[in-house]
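# A look at the structure
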Amino acid sequence: MKAFILGAAVGYVLGAKAGRGRYDQIMRTYRKIADHPAVQGAAGIARAKVGEKTGLGNRHKATAQQNNGRREPAYTQS
């Protein structure tokens, strides 16, 4: 437990020193990767397989039907 708290404290200090600019840079890179078609395809396959295993596979389809087949963005850009 002490190691976890120490690690969180070190991460907080290093993150605070990096600042907002570095955070924004990391998030832009993450979004670029997450929005890539190959990553989206792999995520869809993984989501389908998890849905088959858990029985939650129809949840996503119902949401798409409620939105007339349109998917809402996962985040908003400012």
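To keep things clear, this report deals only with the structure shown in the data block. Nothing here was measured: the structure is a model prediction, and the numbers come from that model. (Residues numbered from 1 in each chain as written. Predicted model: local features only at pLDDT ≥ 70, side-chain atom pairs only at ≥ 80, totals over all residues. Heavy atoms only, no water.)

Attention now goes to the overall build of the protein. Along the backbone of the protein there are three helices and zero strands. Counting from the amino terminus, the protein carries its helices and strands in the arrangement α-α-α. Every one of the 78 residues in the protein was classed for burial, and the buried ones make up 3%. Per element, the accessible surface of the protein, about 7,300 Å² overall, is 60% carbon and sulfur. (Helix = DSSP H or I, 4+ residues; strand = E, 2+ residues; numbered from the N terminus. Buried < 20%, exposed > 50% of the residue type's maximum accessible area, 1.4 Å probe, protein only. Areas by Shrake-Rupley, 256 points an atom, 1.4 Å probe, with all protein chains shown as cover.)

We now examine a nonpolar patch on the surface. A cluster of nonpolar side chains, namely Met1, Phe4 and Ile5, defines an oily patch on the protein surface of about 410 Å² accessible area. One can find Phe4 in helix 1 (residues 2-34). Taking the relative accessible area as the measure of exposure, Phe4 reaches 61% and is therefore exposed. (Patch = residues over 30% accessible without salt bridge, like charges linked within 9 Å, V, L, I, M, F, W, Y side chains within 5 Å. Salt bridge = Lys/Arg side-chain N within 4 Å of Asp/Glu carboxyl O.)

Attention shifts here to helix 1. For helix 1, built from 33 residues, the straight-helix expectation of 48 Å at 1.5 Å per residue is missed by more than 12%, its first-to-last C-alpha distance being only 34 Å. Maximum bend of helix 1: about 95 degrees, positioned at Gly19. (Expected span 1.5 Å × (residues − 1). Bend = angle between axes of the 7 residues up to and from the residue.)

Counting across every chain of the model gives one salt bridge. Here Arg20 ties to Asp24 by a salt bridge, and the two come within 3.3 Å at their closest N and O atoms. Note that Arg20 and Asp24 are positioned in helix 1 at a spacing of four residues, about one turn of the helix. Using a relative accessible area of 27% as the deciding quantity, one classes Asp24 as partly exposed.

What follows deals with helix 2 (residues 37-54). The terminal C-alpha atoms of helix 2, which comprises 18 residues, lie 25 Å apart, in line with the 26 Å expected from a rise of 1.5 Å per residue. Immediately beyond the C-terminal end of helix 2, within one or two residues, lies Gly55, with a positive phi of roughly 80 degrees.

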